[in-house]
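Residues per chain, in single letters:
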Amino acid sequence: MISVRVPGKINIALRVGPAAGDGYHSLATVFQAVSLHERVDAEPANEIGVSVRGLHAELVPTDGRNLAVRAARLLADATGTAAGVRLRITKRVPTAGGMGGGSADGAAALVACDRLWGTGLSREELGELAAELGADVPFAIMGHTALGVGRGHLLSPVMTRGTFHWVLVLSDAGMSTPEVFREWDAHNPSPREPGPPTDLLEALVTGDARRLGRTLENDLEEASLRLRPELDQVLAAARGAGALAAIVSGSGPTVAALAADEQDARGIAARLREELSQGRLPGSRVLQLTGPAPGPRVLERIT
Ligand code: C5P
């Protein structure tokens, strides 16, 4: 059996430009992989199938729409492989949370099936297949921190120093990414092509969390807040608890708060958990994470 662990991501900068003919918007975004992982186990089988357990498992389809199944089919078609696979996803990254959970499943399935079937594709070749599965899947193959342009799929690694400490507030009710982009479109009739967030890229190189905090940005945040006004309360609570800055990740609803260091992160997480347990904070759970996290990690097991 092959097991692959792939981290979820947050978008620490997200600039949105015009939509192309295919409906996809041009982006300039910085992804950071964080220490919250999806696991995909792959075992030989006659056909391609999947089962899902863990966080929000009941929300994930197990038919041909499942990104891990689509990934396995894509790899089989691209390499002319007739083999099947039994995939088992263990979810920890929220579904429809703006953290690339489904994309991580797709990336993990590509890496796992490539190893199981012995198709021997390079990470670059897997990255090209990943782009066919979704805009965020190539980053999930890569991990660490990267600048994404185009649909977010054209990636360059970004230099960072040290470890950043994040506190995430998750929500049980996911948000539809297309719906958030439609809401953004309705209020941005003539967007311009986005340029790279240079101040944020410079802050990442210094490893200075305070400086990074001043440069976090997300063009989609306004649209997410219009659709889910209570997220404003989560942002305010994170700031009130001592975060350097807080933003909605991707299209939301996950909120990412940056802490100055590990001790601060622990304090912020404790305070937000308390507010959550008293029903004063909308959300489902609070996680203390670090970034950047490395990309896919393969574990081979003999069963
Ligand atoms: O590629 P993926 O399936 O993850 O994208 C989900 C949806 O998000 C797309 O169907 C599109 O509506 C929106 N999107 C976009 N522009 C991007 C990336 C995603 O409009 N660059």
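Residues numbered from 1 in each chain as written. Predicted model: local features only at pLDDT ≥ 70, side-chain atom pairs only at ≥ 80, totals over all residues. Heavy atoms only, no water.

(A) Local environment of the overall build of the chain. When its secondary structure is counted, the chain shows 10 helices and 12 strands. Its C-alpha atoms give the chain a radius of gyration of 19 Å, within 12% of the compact-globule value 19 Å for 303 residues. Expressed along its principal axes, the backbone C-alpha trace of the chain runs to roughly 55 × 45 × 35 Å. The long-range share in the chain, meaning contacts at least 24 apart out of those at least 6 apart in sequence, stands at 76%. In the structure as shown, the chain presents an accessible area of about 13,000 Å², 47% of it carried by carbon and sulfur atoms. For the chain, the centre of its 31 positive side-chain charges and the centre of its 35 negative side-chain charges are spaced 5 Å apart. (Helix = DSSP H or I, 4+ residues; strand = E, 2+ residues; numbered from the N terminus. Rg over C-alpha atoms; globule rule 2.2 N^0.38 Å. Contact = heavy atoms within 4.5 Å. Areas by Shrake-Rupley, 256 points an atom, 1.4 Å probe, with all protein chains shown as cover. Lys, Arg positive; Asp, Glu negative; His and termini not counted. Charge placed at Lys NZ, Arg CZ, Asp CG, Glu CD.)

(B) Quick look at the environment of Thr198. Mapped onto the elements of the fold, Thr198 is located in helix H6 (residues 198–206). In this structure, the C-alpha to C-alpha distance between Thr198 and Thr215, residues 17 residues apart in sequence, is 9.2 Å.

(C) Structural context of the nonpolar core. By size, the foremost hydrophobic cluster in this structure holds 37 residues, and its most contacted members are Leu75, Leu87 and Leu110. When residues of this core are traced back to their parent elements, those giving at least two are strand E1 (2–19), strand E2 (25–45), strand E3 (48–54), helix H1 (67–79), strand E4 (84–91), helix H2 (101–117), helix H3 (123–133) and helix H4 (137–142). The biggest single contributor to this core is H2, with nine residues. (Core = buried A, V, L, I, M, F, W, Y, C linked by side-chain atoms within 4.5 Å. Buried < 20%, exposed > 50% of the residue type's maximum accessible area, 1.4 Å probe, protein only.)

(D) Local environment of the site of the ligand. With respect to spatial proximity, the complete set of residues near the ligand consists of Gly23, Tyr24, His25, Leu27, Gly134, Ala135, Arg151, Thr177, Pro178 and Phe181. Residue Tyr24 places a side-chain N or O atom 2.8 Å away from an oxygen atom belonging to the ligand. A distance of 2.7 Å separates an oxygen atom of the ligand from a polar side-chain atom of His25. Here the ligand, which alone exposes 450 Å², has 74% of that area covered by the protein. In this structure the site holding the ligand corresponds to the largest pocket. Where the shell around the ligand is concerned, the elements lending two or more residues are E2 and helix H5 (177–187). Ranked by residue count, the leading element in the shell around the ligand is H5, at three residues. A per-class count over the shell around the ligand returns five nonpolar, four polar and one charged. (Near = heavy atom within 4 Å. Polar contact = N/O pair within 3.5 Å; in protein donor to acceptor, adjacent residues only side chain to side chain. 1 Å grid on protein atoms, 1.4 Å probe; cavity = no way out; pocket = protein on both sides within 12 Å on 5 of 7 lines; lining within 4 Å. Sits in = over half its atoms within 2 Å of the grid points. Nonpolar A, V, L, I, M, F, W, Y, C, P; charged D, E, K, R; others polar.)

(E) Summary view of the environment of Ala260. Tracing the backbone through its elements, the reader meets Ala260 in the loop between strand E10 (255–259) and helix H10 (262–277). For Ala260 and Gly102, which are 158 residues apart along the polypeptide, the C-alpha to C-alpha distance reads 30 Å.

(F) Summary view of the sheet that holds strand E9 (residues 245–248). With respect to topology, four strands assemble into an open sheet ordered E9-E10-E7-E11, the strand pairing being antiparallel. Of all strands in the sheet, those with a lone pairing partner are E9 and strand E11 (285–291), marking the two edges. Taking the axes of each pair of neighbouring strands and ignoring which way they run, one obtains an average angle of 25° across the sheet. Across seven bridges, strand E7 (residues 164–170) lies against E11 in antiparallel orientation. (Pairing = 2+ DSSP bridges. Axes fitted to C-alpha atoms, helices over the stretch in contact; angles between N-to-C directions.)

(G) Structural detail: the layout of surface pockets. By volume, the largest pocket amounts to about 1,100 Å³. As for the largest pocket, its lining consists of 44 residues, of which Leu67, Ser103, Asp136, Thr177 and Pro178 are closest to the centre. When contributions to the lining of the largest pocket are tallied by element, the ones reaching two or more residues are E1, E2, H1, H2 and H5. Tallied by class, the residues present in the lining of the largest pocket amount to 17 nonpolar, 18 polar and nine charged. Roughly 180 Å³ of internal volume is contained in the second largest pocket. Along the walls of the second largest pocket sit Arg123, Glu124, Gly127, Glu128, Pro138, Ile141, Met142 and Leu155, which together make up its complete lining. Among the secondary structure elements, those contributing two or more residues to the lining of the second largest pocket are H3 and H4. With four residues, the single largest contributor to the lining of the second largest pocket is H3. Each residue belonging to the lining of the second largest pocket can be placed in one class, and the counts come to four nonpolar, one polar and three charged. (Points joined across faces, edges and corners; volume = space filled by probe spheres on them.)

(H) View of the packing of aromatic side chains. A complete count under the given rule lists one aromatic pair for this structure. Centre to centre, the rings of Phe31 and Phe139 are 4.7 Å apart; their planes meet at 15°, and the pair counts as stacked. Taken together, the residues span a long stretch of sequence, with Phe31 in strand E2 and Phe139 in helix H4 at a distance of 108 residues. Looking at Phe31, the relative accessible area reads 1%, which means it is buried. What makes Phe139 buried here is its relative accessible area of 2%. Note that Arg151 overlies the ring of Tyr24, its terminal NZ or CZ placed 5.3 Å from the centroid. (Phe/Tyr/Trp six-rings, centres within 6.5 Å; stacked < 30°, edge-to-face > 60°. Lys NZ or Arg CZ within 6 Å of the ring centre and 35° of its normal.)

The values reported here are purely geometric and, on their own, carry no functional implication.
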